[in-house]
Amino acid sequence: MIVVDRVTFAYETAGAPALREASLTIREGEYVGLIGANGCGKTTLIRQLNALLLPAEGSVTVDGLDTRDRAAVAEIRRRVGMSFQNPEHQIVGMTVEEDVAFGPGNMGLPTPELRRRVDEALAAVGIAALAGRLPHTLSGGEKRLVTIAGVIATDPRYIAFDEPSAYLDPAARRRVLALIRSLNRERGIGIVHVAHDAREIVHADRVAVMEAGAIRCEGSPRDVLTDREMLRGLGLDAPPAVEIIERLREAGVGVKGGALTLKEAAAEVAAHIRSVAPGGGAEER
Amino acid sequence: MIRPTGYLARETVLHRLDPRIKILAVFVLSAGVFAANAAGAVLITAALAAVACLLRVGPSRLLAEVRPMVPLIALLFLLQAFFAEGKPVEVPLLRGLGVSLQGIRLGLFVGWQFACLLTTASFLTMTTAPSEIVAAIERILHPLRRLGVPSRDLAMGASVALRFLPVYLEELDRIRTARAARGGGGPRQGIGARFRAARMTAVQVLLGTFRRAGELADAIEARGYAGQPATTLRELRIAGPDRIALVCLALFAAGLTAGRIWG
């Protein structure tokens, strides 16, 4: 379990604190979505999770290890993997497979084990064919997948993703989001997913909304992400499904609220049409 | 096409040799080139030709490796030809210029030395991936850790530099294209304008570097790097062919030394 407890933090160069008594808990195997406007402190918060930044006040513990304990930092970084916003700036290997081997290599794993980990991670991400490629020849989506393989290869218990769909085209974006979900479901890796777009985190176990360096509210995606007014007040858009249903309701159509995905919204609308159509369960056209 | 190093994707014996042995060979050859007399020069040229045959690298490829340095080689040749001590030659065109036969001979020798050094270095980069060179240098420097030489940090720095070299070349290209698209930087501009353009480019690239460096350092740290020794996918291990190569190298060095003493 990662516990962020009333953390306050300010960058040296900026006057106002980037985090003000922010608290967040991520349980093992949990998928937590973190959403907020630009500059609200999302990135600062996740950098606290693996001791890249240390709290000025409050504390961050990872499975009981305090990030301010220098002796624990190496272990904390083993447990909490991190995927940064710009994949270009986190690939350090001269080839794809060398980059994926960087993290586990730092752990001092023997070469055969390293080879096994790298091959497994590349296969899990579906880029085994890229093993020998040079990083600058990859597309944005491929670079993102390489960075994810590099994190998986260290076998972390949690992974923090900072806007993993940034710089990606729709197909690559879908692929990356599906991959993150499968890491959570199939491997039981705890996920912190920082997003701009509420659509990306509708399937999370829990969603936290950040505003001005603090957690404004948290709860199930259905409770948090259907609050269109609150999201709009923070400069964020509700998921399209919520937007459609709310607009229909504003137009006087009596559909039920609470849909998060377009599939659910369509089902709600269909159910409504059936209920008002003559003859009740008439076939849709 | 951007080609930071001219790695040859072939499977030759030289590709499989331990990179440390190859680096040692580069040092032996370089020392030989500097200390060579006529016999040594023949021996070294023959050795380099043998390596070229082994790699199936033709003269045109070798010339391409040396070509960027040709002006420098030419300059060295001319300096020697004009300023080396010796009796001036009495050929109609060169009379009175102070060109001596000894100077020409010395100039040719210096040119040969330079070309040999370049070729030797090319053979290393043709047969060894940059990451292997970096790993080998790290291992070579490893014993110096006790003296406070941060071998892993140095290797890490070198490898990051090599990793981002092509990225920078692309970035330079982008900046240049962007400027051209806005009507700047044509070949007809004066020296002053070109100088200003170069300065602008340098500033842009530099600013990009600082931005990138911070993020990169965070990512490197987040992935568990703390300057400690790490393991890599390819273990450096001295195997049978490496031992044979070492013996060959020793014989070669002995031959050069013998040629130097009795030649």
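Higher on the page you've got the structure.
A short tour of the structure in this document, coming up.

Parameters at a glance
- Residues numbered from 1 in each chain as written.
- Chains lettered and ligands numbered in written order.
- Predicted model: local features only at pLDDT ≥ 70, side-chain atom pairs only at ≥ 80, totals over all residues.
- Heavy atoms only, no water.
- Helix = DSSP H or I, 4+ residues; strand = E, 2+ residues; numbered from the N terminus.
- Rg over C-alpha atoms; globule rule 2.2 N^0.38 Å.
- Buried < 20%, exposed > 50% of the residue type's maximum accessible area, 1.4 Å probe, protein only.
- Contact = heavy atoms within 4.5 Å.
- Lys, Arg positive; Asp, Glu negative; His and termini not counted.
- Charge placed at Lys NZ, Arg CZ, Asp CG, Glu CD.
- 1 Å grid on protein atoms, 1.4 Å probe; cavity = no way out; pocket = protein on both sides within 12 Å on 5 of 7 lines; lining within 4 Å.
- Points joined across faces, edges and corners; volume = space filled by probe spheres on them.
- Nonpolar A, V, L, I, M, F, W, Y, C, P; charged D, E, K, R; others polar.
- Salt bridge = Lys/Arg side-chain N within 4 Å of Asp/Glu carboxyl O.
- Pairing = 2+ DSSP bridges.
- Axes fitted to C-alpha atoms, helices over the stretch in contact; angles between N-to-C directions.
- Core = buried A, V, L, I, M, F, W, Y, C linked by side-chain atoms within 4.5 Å.
- Buried area = accessible area lost by both parts, 1.4 Å probe.
- Polar contact = N/O pair within 3.5 Å; in protein donor to acceptor, adjacent residues only side chain to side chain.
- Phe/Tyr/Trp six-rings, centres within 6.5 Å; stacked < 30°, edge-to-face > 60°.
- Lys NZ or Arg CZ within 6 Å of the ring centre and 35° of its normal.

1. Quick notes on the overall build of chain A
Working step 1: A tally of regular secondary structure across chain A gives 10 helices and 10 strands.
Working step 2: Relative to the compact-globule value of 19 Å for 285 residues, chain A shows a C-alpha radius of gyration of 21 Å, a close match.
Working step 3: Taken along its principal axes, the extent of the C-alpha atoms in chain A is 70 × 45 × 30 Å.
Working step 4: Taking all 285 residues of chain A together, the buried fraction comes to 53%.
Working step 5: In chain A, the proportion of contacts linking residues at least 24 apart, taken out of those at least 6 apart, comes to 60%.
Working step 6: Taking the 35 positively charged and 39 negatively charged side chains of chain A as two groups, their mean positions are separated by 2 Å.

2. Considering empty space enclosed by the protein
Working step 1: Evaluation of the coordinates by the stated rule reveals one cavity of 30 Å³ or more.
Working step 2: In this model, the largest cavity occupies a volume close to 30 Å³.
Working step 3: Lining the largest cavity are A:M82, A:Q90, A:D99, A:T147, A:V151 and B:R223.
Working step 4: Here the residues of the lining of the largest cavity sort into two nonpolar, two polar and two charged.

3. Some thoughts on the pattern of salt bridges
Where side chains of opposite charge bring their charged atoms close, a pairing between them can arise.
All names here are of chain A.
Working step 1: Scanning the model with the defined rule gives 32 salt bridges over all chains in all.
Working step 2: Taking the shortest distance from any N to any O, the salt bridge between R68 and D66 comes out at 3.6 Å.
Working step 3: A salt bridge links R228 to E250; the shortest N-O distance between them is 2.7 Å. Taken together, the positions of R228 in helix α8 (residues 228-233) and E250 in helix α9 (residues 240-250) put the pair 22 residues apart, joining distant regions of the chain.

4. Quick look at the sheet that holds strand β9 (residues 206-211) of chain A
Residues and elements named next belong to chain A.
Working step 1: As summarised here, the arrangement of the six strands in space is β6-β7-β8-β3-β9-β10, forming an open sheet in which the pairing is mixed. The strands lining the two open edges of the sheet, one partner per strand, are β6 (80-83) and β10 (214-219). Averaged over all adjacent pairs, the angle separating strand axes in this sheet is 20 degrees, with direction ignored.
Working step 2: When strand β3 (residues 31-36) meets strand β8 (residues 190-195), the two strands line up parallel, connected through five bridges. In the sheet register, G33 faces β8, and the bridge partner there is H193.

5. Concerning the nonpolar core
Residues and elements named next belong to chain A.
Working step 1: V100, L122, V125, I127, I148, V207 and L225 are the most contacted members of the largest nonpolar core, which totals 50 residues.
Working step 2: Ranked by residue count, the leading element in this core is helix α5 (residues 140-152), at six residues.
Working step 3: Excluding residues within four positions of it along the chain, I127 makes contact with L122, L145, V146, A149 and R175.
Working step 4: If you look at the next biggest cluster of nonpolar residues, it comprises 32 residues, including L19, L49, A72 and V192.

6. Thoughts on the layout of surface pockets
Residues and elements named next belong to chain B.
Working step 1: Taken as a whole, the second largest pocket spans an internal volume of roughly 620 Å³.
Working step 2: If you trace the second largest pocket, you find 23 residues lining it, with L14, L17, A25, V51 and L249 closest to the centre.
Working step 3: Among the elements of the structure, α1 (13-16), α2 (19-35), α3 (38-55), α6 (101-127) and α10 (240-262) are those that each provide at least two residues to the lining of the second largest pocket.
Working step 4: It is α10 that contributes the most residues to the lining of the second largest pocket, six residues altogether.
Working step 5: The residue makeup of the lining of the second largest pocket, split by class, is 20 nonpolar, two polar and one charged.

7. Re the side chain of B:T119
Working step 1: Residue placement: B:T119 occurs in helix α6.
Working step 2: Residue B:T119 is classed as buried on the basis of its relative accessible area, which comes to 11%.

8. What to know about the interface of chain B and chain A
Working step 1: Contact with chain B, which involves 29 residues of that partner, is made by 33 residues of chain A.
Working step 2: Both faces considered, chain B and chain A share a buried interface measuring about 2800 Å² in area, 56% of it formed by carbon and sulfur atoms.
Working step 3: Together, B:R163, B:R223 and B:L233 form the three largest contributors to the area buried by chain B at its contact with chain A, with a combined 33%.
Working step 4: The interface formed by chain B and chain A holds four salt bridges in total.
Working step 5: Of the charged contacts in the structure, one is a salt bridge between A:E88 and B:R163, with a shortest N-O distance of 2.9 Å.
Working step 6: Our count for the chain B to chain A interface comes out at 14 residue pairs in polar contact (both at pLDDT 80 or more).
Working step 7: Breaking the side of chain B that touches chain A down by element, the ones donating at least two residues are α7 (130-141), α8 (151-181) and α9 (191-222) of chain B.
Working step 8: If you tally residues by element for the side of chain B that touches chain A, the top one is α8(B), at nine residues.
Working step 9: Its residues assigned to classes, the side of chain B that touches chain A shows 14 nonpolar, six polar and nine charged.

9. Quick notes on the side chain of A:T8
All names here are of chain A.
Working step 1: Along the polypeptide, T8 turns up in strand β1 (residues 2-9).
Working step 2: At 3.0 Å, the side chain of T8 forms a polar contact with the backbone nitrogen of E21.
Working step 3: Those residues in contact with T8, other than ones at most four positions away along the chain, are P17, L19, R20, E21, P55, A56 and E57.

10. Regarding the sheet that holds strand β2 (residues 19-26) of chain A
Residue and element names in this part refer to chain A.
Working step 1: Strand order in the open sheet formed by four strands is β2-β1-β4-β5, and the pairing between neighbours is antiparallel. Single-partner strands in this sheet number two, and they are β2 and β5 (65-66).
Working step 2: As judged from the five bridges shared by β1 and β2, these two strands associate in the antiparallel manner. When the sheet's bridge partners are listed, I2 is paired in β2 with I26.

11. A few points about the packing of aromatic side chains
All names here are of chain B.
Working step 1: Taken as a whole and assessed by the stated rule, the structure comprises four aromatic pairs over all chains.
Working step 2: Between F82 and F83, the ring centres sit 6.4 Å apart and the planes meet at 50 degrees, which makes this aromatic pair tilted.
Working step 3: Take F83: its relative accessible area is 67%, and that puts it in the exposed class.
Working step 4: The ring of F164 has R163 lying over it, and the distance from NZ or CZ to the ring centre is 4.2 Å.
Working step 5: One residue, R212, lies across the ring of Y168, its end atom 5.1 Å from the ring centre.

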